[in-house]
Every structure is written in C-alpha cells, then in structure tokens.
Amino acid sequence: MIKVDNLTKKFGGFTAVNHASLSIGKGSITGLIGPNGAGKTTLFNVIAGVHKPTSGTVLLDGEDITGLPPHELFHKGMLRTFQIAHEFSTLTVRENLMMVPADQPGESLRDVWFHGRKVREQEKRVKEKADEVIDFLEISHVANELAGNLSGGQKKLLELGRTMMVDAKVVFLDEVGAGVNRTLLNTIGDAIIRLNQERGYTFCVIEHDMDFIDKLCDPVIVMAEGSVLAEGTLAEIKANEHVIEAYLGTGLKNKVVS
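First things first, this report covers the structure right here in the doc. (Residues numbered from 1 in each chain as written. Predicted model: local features only at pLDDT ≥ 70, side-chain atom pairs only at ≥ 80, totals over all residues. Heavy atoms only, no water.)

It is worth spelling out the sheet that holds strand β5 (residues 63-64) at this point. If you walk across this open sheet you meet the four strands as β2-β1-β4-β5, and the pairing is antiparallel. Whereas interior strands pair on both sides, the edge strands pair on one side only; in this sheet they are β2 (14-24) and β5. Looking at chain direction, strand β1 (residues 2-11) and β2 are connected through seven bridges and run antiparallel. Residue pairing in the sheet places K9 in a bridge with V17 of β2. Helix α1 (residues 40-47) rests against β1, β2 and β4 (55-60) of the sheet, and its axis sits at about 110° to β1. (Pairing = 2+ DSSP bridges. Helix = DSSP H or I, 4+ residues; strand = E, 2+ residues; numbered from the N terminus. Contact = heavy atoms within 4.5 Å. Axes fitted to C-alpha atoms, helices over the stretch in contact; angles between N-to-C directions.)

Let us look at the nonpolar core. Ranked by size, the top nonpolar core spans 49 residues in total, and within it L137, L160, L173, I192 and F203 carry the most contacts. Not counting residues within four places of it along the chain, the set of residues in contact with F203 comprises I24, S28, I29, T30, L160, V171, L173, I192, L195 and N196. Judged by nonpolar contacts, the second largest core, of 26 residues, contains A20, A38, M78 and V170. (Core = buried A, V, L, I, M, F, W, Y, C linked by side-chain atoms within 4.5 Å. Buried < 20%, exposed > 50% of the residue type's maximum accessible area, 1.4 Å probe, protein only.)

With that out of the way, let us pick up the sheet that holds strand β6 (residues 78-80). Working definition: the strands of a sheet are paired by backbone hydrogen bonds and lie parallel or antiparallel to each other. Taken in spatial order, the six strands line up as β6-β7-β8-β3-β9-β10 in an open sheet, and their pairing is mixed. Each having just a single partner strand, β6 and β10 (227-232) make up the two edges of the open sheet. Here the average twist between neighbouring strands, direction ignored, is 20°. Two strands pair when backbone bridges link them, and strand β3 (residues 29-33) and strand β8 (residues 202-206) are joined in this way by four bridges, in the parallel orientation. Pairing of I29 across the sheet is with F203, part of β8.

Now for the environment of R182. The residue R182 is located in helix α7 (residues 182-199) in this model. A residue is classified by how much of its surface remains accessible, and R182, at 43% relative accessible area, is partly exposed. Spatially, the C-alpha atom of R182 lies 9.7 Å from that of F212, the residues being 30 residues apart in sequence. Residues in contact with R182, not counting those within four places in the same chain, are D209 and D211. A distance of 2.7 Å separates a polar atom in the side chain of R182 from a polar atom in the side chain of D209. (Polar contact = N/O pair within 3.5 Å; in protein donor to acceptor, adjacent residues only side chain to side chain.)

In a regular helix each residue adds 1.5 Å, so 18 residues correspond to 26 Å; α7 covers 25 Å between its end C-alpha atoms and thus fits that length. You can read the cap of α7 off the contacts: a side-chain oxygen lies 3.1 Å from the backbone nitrogen of T183, and it is on N181. Positive phi shows up at G200, right after α7, with a value of about 75°. (Expected span 1.5 Å × (residues − 1).)

What follows concerns the pattern of salt bridges. Oppositely charged side chains are able to pair whenever their charged atoms sit close together. All chains considered together, the criterion is met by 11 salt bridges. When the shortest N-O distance is used, the salt bridge between D174 and R80 registers 3.1 Å. Residue D174 is found in strand β7 (residues 170-174), and its partner R80 is found in strand β6; the two are separated by 94 residues along the sequence. Each member of the pair D174 and R80 is classed as buried. Linked by salt bridges that have partners in common, R94, K127 and D131 make up one network. (Salt bridge = Lys/Arg side-chain N within 4 Å of Asp/Glu carboxyl O.)

The subject of this paragraph is helix α6 (residues 152-163). Over its 12 residues, α6 runs 17 Å from end to end, which matches the ideal 16 Å to within 8%, given 1.5 Å per residue. In terms of residue burial, α6 counts as a mostly covered element, since 11 of its 12 residues are buried. Taken as a whole, α6 has its buried residues at G153, Q154, K155, K156, L157, L158, E159, L160, G161, R162 and T163.

In total, this model carries two aromatic pairs according to the counting rule given. When the centroid spacing of 4.9 Å and the interplanar angle of 80° are considered together, the rings of F44 and F172 count as edge-to-face. Taken together, the positions of F44 in helix α1 and F172 in strand β7 put the pair 128 residues apart, joining distant regions of the chain. Exposure remark for F44: the relative accessible area of 1% places this residue in the buried category. (Phe/Tyr/Trp six-rings, centres within 6.5 Å; stacked < 30°, edge-to-face > 60°.)

By themselves, these figures tell us nothing about what the structure is for.
See the structure below:
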C-alpha cells in the first residue's frame with residue numbers, strides 16, 4: 001500500500017529522516033517503533049504531506065504522492081491521527097464526526113439557499129454514518145458530549161472514528177496509546193483490529209507500548225537516527241542485537257526491548 005524509497009528530510013543542518021526505505025503491506029497493521037528522536041513522527045509527517053521531503057519518493061498503491069499536501073492525500077484515502085488529539089472541542093462527538101466528509105452541499109451558501117432539500121438529505125446520510133461509527137466504537141454514551149470534555153482515551157477513539165467517516169485506504173496512528181488508560185487502550189486496539197479484519201483498513205502505528213504493538217502489529221519496523229534499522233516480527237525485533245543496542249546502549253543479548 002505504501003512504498004517509501006530513500007526518503008530524507010533535513011531541517012537546516014539537522015537530518016531528521018536519513019535515506020529511509022520501507023514498505024507497508026496492503027491490509028497489514030505495521031508497527032513503527034524506535035527510541036525518542038529516531039525520526040518516526042517526522043517520517044509520518046513527510047509521508048502524510050505535512051513536510052515536503054528533501055529527497056526520496058513515496059508511493060500510495062503504486063501512485064507517486066511525494067510532496068502532495070494533506071488535503072489531496074485525504075481525497076486519495078490517506079489519513080493520520082496525532083499524538084495530541086485535534087478535536088473540535090466546542091462541538092459534540094457526533095458533530096465532530098459529521099465535520100469529516102468533504103464537499104458537503106451544506107458548505108455552499110448557494111446550496112443552502114436554493115437546494116435545501118439536497119442539503120437536508122446529505123446531512124441525514126452523514127448523521128446516519130456518524131451514528132454507525134459511534135455504535136461501532138461503543139461510545140454512544142458520549143455521542144452528545146462536547147469533545148473538549150472527553151478523556152484522553154475517548155479523544156483518541158474519536159480520532160479513530162473520524163478516519164471511519166471516509167473511505168480510508170491507509171491510516172497512520174501516531175502514539176494512539178499516549179496518555180490512555182489500559183482499559184480504553186484495549187478498546188482502541190480491538191477497534192483497530194476489527195477495522196483491519198472486517199473492513200480491510202491498512203494501518204501503520206507509532207507506539208512505545210510494546211504490549212500494544214505485540215497485540216496489533218506484524219510486521220514491526222524499527223527506526224534509529226532517522227534510518228530504518230530492522231524489520232520483522234516483534235520476537236525477531238526483540239532478539240536483534242542492533243535494536244537492543246539502539247534502545248539500551250548495550251549489546252548484551254540477555255536484554256530485550258521493553
């Protein structure tokens with residue numbers, strides 16, 4: 001689904017991503033791990049069009065999307081979430097979801113004035129879709145709650161829900177477990193697995209929680225110092241001498257990534 005070839009991103013004299021190459025298989029849940037400062041989020045940002053690469057290419061399902069802005073990638077089915085949730089805090093959960101689909105007729109003043117029936121019918125369909133997402137994620141009890149009042153885990157669920165409001169091909173999840181209690185994290189993980197297995201979503205997940213990675217991800221890709229260091233199952237990654245050294249600063253084989 002995603003092929004990254006020799007990608008580099010420099011900020012002045014600092015190289016955040018250094019000739020990174022990787023593939024994300026269609027229908028997979030791929031984990032992306034590495035020490036703090038390894039370049040994981042910058043890599044996400046370059047793939048997702050937030051930053052233009054200094055060099056290298058990104059392909060989405062065989063199409064060159066290198067340097068395309070996020071709104072164009074959105075229309076191509078690439079979505080991402082953030083370490084800190086970006087909800088509309090003064091809108092309800094349902095309203096946040098209803099904001100997602102693009103090109104709604106209600107966004108046009110002309111349509112509101114002259115095509116009111118069309119606007120109402122579209123709004124009804126979007127509301128029905130939002131309610132379906134709410135039921136899928138089992139958050140009906142907060143459907144009418146202002147998003148700004150949600151807990152950190154609930155906000156992460158809402159972000160995941162927003163990706164369900166359109167026909168996503170691939171979703172990048174950036175530290176979905178950060179600040180989330182274990183119960184909600186399990187709920188989020190179960191939702192990701194269901195979306196993958198039942199609806200064919202492809203995911204790439206940045207995460208530091210190895211239990212969460214172990215539950216969801218195969219394969220796992222390791223980054224260090226802006227480059228791809230290793231790839232394999234989590235068991236293979238934990239036994240990799242270079243990975244152990246990158247995380248722990250030692251080559252002792254009796255230590256594992258934690």
